[in-house]
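# Overview (structure and organization)
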Amino acid sequence: MSLVIVLGALIFLMLVAYRGYSVILFAPVAALGAVLLTDPSLVAPMFSGVFMEKMVGFVKNYFPVFMLGAVFGKVIELSGFSKSIVSAVIGLIGRERAMLSIVVVCAILTYGGVSLFVVVFAVYPFAAEMFRQSDIPKRLIPCTIALGAFTFTMDALPGTPQIQNIIPTTFFKTTTWAAPWLGLIGSLFILGVGLYYIESRRRAALARKEGYGTDLRNEPEPFEQEQLPSPLIAVLPLVVVGVMNFVLTKLVLRFYGPVHEFTLGAHGKPVVTQISAVAAIWAVEGALLLGILTVIAFAWRPVLAKFADGSKAAVAGSLLASLNTASEYGFGGVIALLPGFVLISDALRAIPNPLINEAVSVTVLAGITGSASGGMSIALAAMSDTFIAAAEAAKIPLEVLHRVASMASGGMDTLPHNGAVITLLAVTGLTHKEAYKDIFAVTLIKSAAVFFVIAFYYLTGIY
């Protein structure tokens, strides 16, 4: 019965998310409902002492990253830099290679620190225009954007500033550049197999003489040529974020050391900070801040003209995104303490290989919650000590654990109830029935890449 209660809570949360209800509202309902069925006297203590503690802890650690990432994406949009980058890539690769062009644009923007949701809004008008001109079915736009934005640049490429690559740093005391060779190998696998798949879908549609489509929803206005910033200037903030993320990762630890302590006032209480646990977060925050300042320095007129409204929208979006994930984190903290979860974790621990154990645990929970960051947070909060102990016993570096956890989180998370999938389909004006099958295929490629990377590590020892 305890197992049924836990699974029921997970399924309930998945269903309400699929139906479009707020996870912020229903994550505590699902968690406390499970507690109520287990031990009614613990409902209030679990809410205050576990759910809220976990939720607030997540916000404390990661909200600045969400906020700075959203503001950076917004100023990139307001400055016209995103349009300039898109136009330059299309001009370089060619409109006849529409699918490759869109994948490359999404990858550049995502790896440069632009939020996945911002990328969807920024790229869709250009994708629609290119697919229309090339007579490629519109239903293939979502899977093309998903391949470029939701896969290798989100969590596989070393140094990516996306939250899915940052969360493991606090559990394994690693940096966002952990296991660079495994990240690169995994990225090439995803990109190569993914491009082959979407191109095969295009050719199959061409053989059936299926065109772009008619009577479609949410069609953007035809793209109008306008004076855009130089692409070299437009890409500079993305370069600044990438380079400074790497530099600051090294400098923070060198400047502060592994532990920093200070006292304010003669009788103040010492404030101790474990720098090794927050160095990667500080580095990403500093890099994003410098990226924002770079955009303002080169395009201050258009940015400042709309910055008031734009920044409000960015902060509101970052609040919603961070609280959604924080609620799932709180949910996971409660579920992890219930007897039924012990049965699940014991079953997962029964997988003898530590890396496969971690990959399966993370991707299963990411799939159930419909969130890469939420599912990974739940898995690592509950089982990171077990993963670390097993890895140390097998002499596996923690950097490898970081990369496997990060990549596994972005696999099965894109089930139908995933927020990014729902947003992507809504923006493109398509339904799950029309376009989800190909998004799911990209998800399977991403999931396979994790086990490909694990096999590569065991065969070569390279990480």
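Calculation criteria
- Residues numbered from 1 in each chain as written.
- Predicted model: local features only at pLDDT ≥ 70, side-chain atom pairs only at ≥ 80, totals over all residues.
- Heavy atoms only, no water.
- Helix = DSSP H or I, 4+ residues; strand = E, 2+ residues; numbered from the N terminus.
- Rg over C-alpha atoms; globule rule 2.2 N^0.38 Å.
- Buried < 20%, exposed > 50% of the residue type's maximum accessible area, 1.4 Å probe, protein only.
- Areas by Shrake-Rupley, 256 points an atom, 1.4 Å probe, with all protein chains shown as cover.
- Lys, Arg positive; Asp, Glu negative; His and termini not counted.
- Charge placed at Lys NZ, Arg CZ, Asp CG, Glu CD.
- Axes fitted to C-alpha atoms, helices over the stretch in contact; angles between N-to-C directions.
- Parallel < 35°, antiparallel > 145°, perpendicular 65-115°, else oblique.
- Left-handed = near helix turned anticlockwise from the far one by under 90°.
- Contact = heavy atoms within 4.5 Å.
- Expected span 1.5 Å × (residues − 1).
- Polar contact = N/O pair within 3.5 Å; in protein donor to acceptor, adjacent residues only side chain to side chain.
- Core = buried A, V, L, I, M, F, W, Y, C linked by side-chain atoms within 4.5 Å.
- Phe/Tyr/Trp six-rings, centres within 6.5 Å; stacked < 30°, edge-to-face > 60°.
- Salt bridge = Lys/Arg side-chain N within 4 Å of Asp/Glu carboxyl O.

### Things to note about the overall build of the protein chain
What the protein chain contains, in helices and strands, is 19 helices and two strands. For a compact globule of 463 residues, the expected C-alpha radius of gyration is about 23 Å, and the protein chain comes in at 22 Å, within 12% of that figure. Counting only C-alpha atoms, the protein chain reaches 60 × 55 × 45 Å along its principal axes. Across the 463 residues that make up the protein chain, the buried fraction comes to 53%. Counting only carbon and sulfur atoms, one obtains 68% of the accessible surface of the protein chain, whose full area is about 19700 Å². When the 29 basic and 26 acidic side-chain charges of the protein chain are each reduced to a single mean position, those positions are 3 Å apart.

### A word on the packing of helix α4 (residues 81–93) against helix α5 (residues 98–111)
The contact between α4 and α5 brings their axes to 9 Å, and the two run at 140 degrees. If you check the angle between α4 and α5, you find them oblique. Like other packed secondary-structure pairs, α4 and α5 cross with a definite hand, here right-handed. Across from I85, V86, V89, I90 and I93 in α4, the residues of α5 making contact are L100, S101, V104, V105, I108 and L109.

### Brief notes about unusual backbone geometry
Despite not being glycine, A179 has its phi angle at roughly 45 degrees, a positive value. Tracing the chain through its elements places A179 in the loop between α9 (163–172) and α10 (180–207). The backbone of K209 sits at a positive phi, close to 60 degrees, despite the residue not being glycine. Following the sequence through the fold, K209 ends up in the loop between α10 and α11 (231–256). Look at K209 and you get exposed, because its relative accessible area is 77%.

### Some details on α4
The terminal C-alpha atoms of α4 lie 18 Å apart, and with 13 residues this matches the ideal 18 Å at 1.5 Å per residue to within 8%. Residues of α4 that are buried: F81, S82, S84, I85, V86, V89, I90 and I93. After α4 finishes, the residue G94 shows a positive phi value of roughly 105 degrees.

### Some words on the environment of S187
With respect to the helices and strands, the residue S187 is situated in helix α10. The spatial distance from the C-alpha of S187 to the C-alpha of M154 is 10.0 Å, given a sequence separation of 33 residues. Setting aside chain neighbours within four positions, we find S187 in contact with F152, A156 and L157. A distance of 2.7 Å separates a polar side-chain atom of S187 from the backbone oxygen of G183.

### Describing the nonpolar core
Ranked by size, the top nonpolar core spans 135 residues in total, and within it F72, F131 and F331 carry the most contacts. No other element matches helix α3 (residues 43–78), which puts 14 residues into this core. With near-sequence residues (within four places) excluded, F331 lies in contact with A9, L10, L13, A27, A30, A31, F51 and I378.

### Focus on the packing of aromatic side chains
Inspection of the entire model under this criterion finds nine aromatic pairs. Ring geometry for F189 and F452: centres 4.6 Å apart, planes at 20 degrees, overall stacked. Residue F189 is located in helix α10, and its partner F452 is located in helix α19 (residues 432–460); the two are separated by 263 residues in the primary sequence. The exposure class of F452 is partly exposed, given its relative accessible area of 35%. Among the aromatic residues, ring-to-ring pairing joins F255, Y256 and W282 into one connected group.

### As for the environment of N165
Inspection of the secondary structure puts N165 in helix α9. For N165 and A178, which are 13 residues apart along the polypeptide, the C-alpha to C-alpha distance reads 9.2 Å. Apart from residues lying up to four places away in sequence, N165 is in contact with M154, D155, L157, G159, T160, T176, H402, R403 and S406. In terms of polar contacts, N165 uses its side chain to reach the backbone carbonyl oxygen of T160, at 3.0 Å. Looking at N165, its side chain comes within polar contact range of the side chain of H402, at 3.0 Å.

### Some details on the pattern of salt bridges
Taken as a whole and assessed by the stated rule, the structure comprises seven salt bridges. A salt bridge links R203 to E199, with the shortest nitrogen-to-oxygen separation between them at 3.3 Å. Separated by four residues within a single helix, R203 and E199 lie in helix α10, roughly one turn from each other. Taking the relative accessible area as the measure of exposure, R203 reaches 55% and is therefore exposed. Here the residues in one salt-bridge network are R139, R201, R208, E210 and D438, joined through shared partners.

Shape descriptors only; they carry no functional weight alone.
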